[in-house]
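In case you want the letters, here they are:
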Amino acid sequence: MKIKTAKMSYEEVLALPVTMHQKPIKQRLLFRVVLLLLSIWDLWMTRFTYRMIGMEKLEKGEPCLVLMNHSSFIDLKIAARLMCTRPFHIICTADGFVGKRWLMRQIGCIPTRKFMTDVTLVRDMVYATRELKSSILMFPEASYSFDGTQTPLPDSLGKCLKILKVPVVMIRTHGAFARDPLYNNLQLRKVRVSADVEYLLSPKEIAEKSQQELNDILQEKFTFDYFRWQQENEIRIKEPFRADGLNRMLYKCPRCKAEGQMLGQGTKILCKLCGKAYELTEYGYLKDLETDMQECGEDEAKESESLTVNYSEAGEAHFTHIPDWYHWERECVRQEILSGNYRMDVPVTIYMMVNTDRIYQVGEGVLSHSAEGFRLTGCDGRLDYRQEPLASYSLYSDFYWYEIGDVISIGDARVQYYCFPKESGDIVAKARLAAEELYKLVKQGTLAEYQ
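About the criteria used
- Residues numbered from 1 in each chain as written.
- Predicted model: local features only at pLDDT ≥ 70, side-chain atom pairs only at ≥ 80, totals over all residues.
- Heavy atoms only, no water.
- Pairing = 2+ DSSP bridges.
- Helix = DSSP H or I, 4+ residues; strand = E, 2+ residues; numbered from the N terminus.
- Axes fitted to C-alpha atoms, helices over the stretch in contact; angles between N-to-C directions.
- Salt bridge = Lys/Arg side-chain N within 4 Å of Asp/Glu carboxyl O.
- Buried < 20%, exposed > 50% of the residue type's maximum accessible area, 1.4 Å probe, protein only.
- Arc of directions from axis to C-beta.
- Contact = heavy atoms within 4.5 Å.

Trainee: I'm lost on the sheet that holds strand S4 (residues 88–93) in this one. Help?
Mentor: Through backbone hydrogen bonds, the strands of a sheet pair up, either in parallel or in antiparallel fashion. Across the sheet, 7 strands lie side by side as S2-S8-S7-S3-S6-S4-S5; this open sheet has mixed pairing. In this open sheet, the two strands that pair with only one neighbour each are strand S2 (49–53) and strand S5 (109–112). Geometrically, the sheet is characterised by an average inter-axis angle of 25° between neighbouring strands, direction not taken into account. Relative to strand S7 (residues 168–174), strand S3 (residues 65–68) runs parallel, the two sharing 4 bridges. Bridge pairing in S7 links Leu67 to Met170.

Shown next, in the form of structure tokens:
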């Protein structure tokens, strides 16, 4: 999928009229049918199946809030199939409206800005459920998972449930991530996809529980590991491109600790600096290609694969499980922040969004990130935007965004900046990890103790 773009000067973009807010409109049956028809092919190709858990508690025509984990683009097609019998609105990022605002509104989409406090969004959700008698589909993680595990949920989610006062349903997918992981450049694998649709909370249960209790329930339900799911269910992925782009996520070498030197290609990922190499096996394990593998029985092989990480005497990490590598990178970033050594300065091409007509390429600049937050400068000195760590609990960062490139997006309610790194180095995943860790450290008051 692509997005409308245009080149324009920074001043010209700032002078453009902003898109005025409009209340949601009720989704017509025709557009639900269109969504379903557009979904049928992919669902058939993945042999999609689903099971209902406790859904008899939801009355026919009763509006509800549907929370769905976010794994790949097929998520929306799954939702279209599962919710085709009731009108529903979809919470989606505002850039999804670019060039197609009328159509997105007819489909039932409600725009928002990722990882930002949005009071207007809550009002739109209340209007949709109470006045339009429609359900709401929300991806509370707001972004695709990089490593197949959960991404942070907003602390405000429990409060939102109490305001809406409608039943909560959860859709959890299985196989969607394995079929189309974000790092893999939209290359589809042959994997079956399924989903569980579970009645999670009634309005009475929501009223009886505190916001924190609701957040804890949702956090537990949104805890998963799709590489582990692949391994435990012996899902075989034979495609020879399964490691393409894996370096976007696994950007740091566990041996020499160099960053931006990893290369994921074919079925392997290796460090171009020291030569450390792994193979991504057909069952989702990482095989250390430098380890002298001896023939062993089936039980011994399984025991070896279950060891996710260990360390040599030299301190080198040996990983067999991708989320463990990613978690190690997170801990490395956290220590950089605490020691005062974290800083990112990268030349970027800058795009801006001020309305939903298109996004505008406005020039070049430098994106910096440190304990003080983000700073974007550019456009021959005319642009200077700062964003503090507490402005967002996570970061809108993406791989191969609308087929343009890897992106880091920051901004406020007035304007959104999309920054495309001009140099190689795979900094997008690290920037997200750093933003999440900075938010936690600053909110906890921990960071000041180390500075």
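On we go from here.
Trainee: Is there a simple way to think about the pattern of salt bridges in this case?
Mentor: Two side chains that carry opposite charge are able to pair once their charged atoms sit near each other. What the rule picks out here adds up to 21 salt bridges. Put simply, Lys77 and Asp42 hold a salt bridge, and the shortest N to O gap is 2.5 Å. In this pair, Lys77 is assigned in helix H3 (residues 74–82) and Asp42 in helix H2 (residues 29–45), connecting sequence segments 35 residues apart. The exposure class assigned to Lys77 is buried, which follows from its relative accessible area of 17%. The residue Glu198 makes a salt bridge to Lys221 at a minimum N-O spacing of 3.2 Å. Taken together, the positions of Glu198 in strand S8 (residues 194–201) and Lys221 in helix H9 (residues 211–221) put the pair 23 residues apart, joining distant regions of the chain. Residue Glu198 is classed as partly exposed on the basis of its relative accessible area of 22%.

Trainee: How do you make sense of the sheet that holds strand S11 (residues 277–280) when you look at a structure like this?
Mentor: The 4 strands are arranged S9-S10-S11-S12 in an open sheet whose pairing can be described as antiparallel. The sheet terminates laterally at strand S9 (262–265) and strand S12 (286–288), the two strands that pair on one side only. Shown here is a sheet whose adjacent strand axes are inclined to one another by a mean of 20°, direction ignored. Inspection of the sheet shows S9 paired to strand S10 (residues 268–271) by 4 bridges, in the antiparallel sense. For Gln265, the partnering residue across the bridge sits in S10 and is Lys268.

Trainee: Just checking my understanding: could you explain H9 for this structure?
Mentor: Because the α-helix completes a turn every 3.6 residues, residues three or four places apart line up on one side. Buried residues of H9: Leu214, Asn215 and Leu218, and no others. On an axial view of H9, the arc spanned by its buried residues comes to 100°, and they lie on one face. The secondary structure elements touched by the buried residues of H9 are S3, helix H6 (157–164), S8 and helix H8 (203–208).

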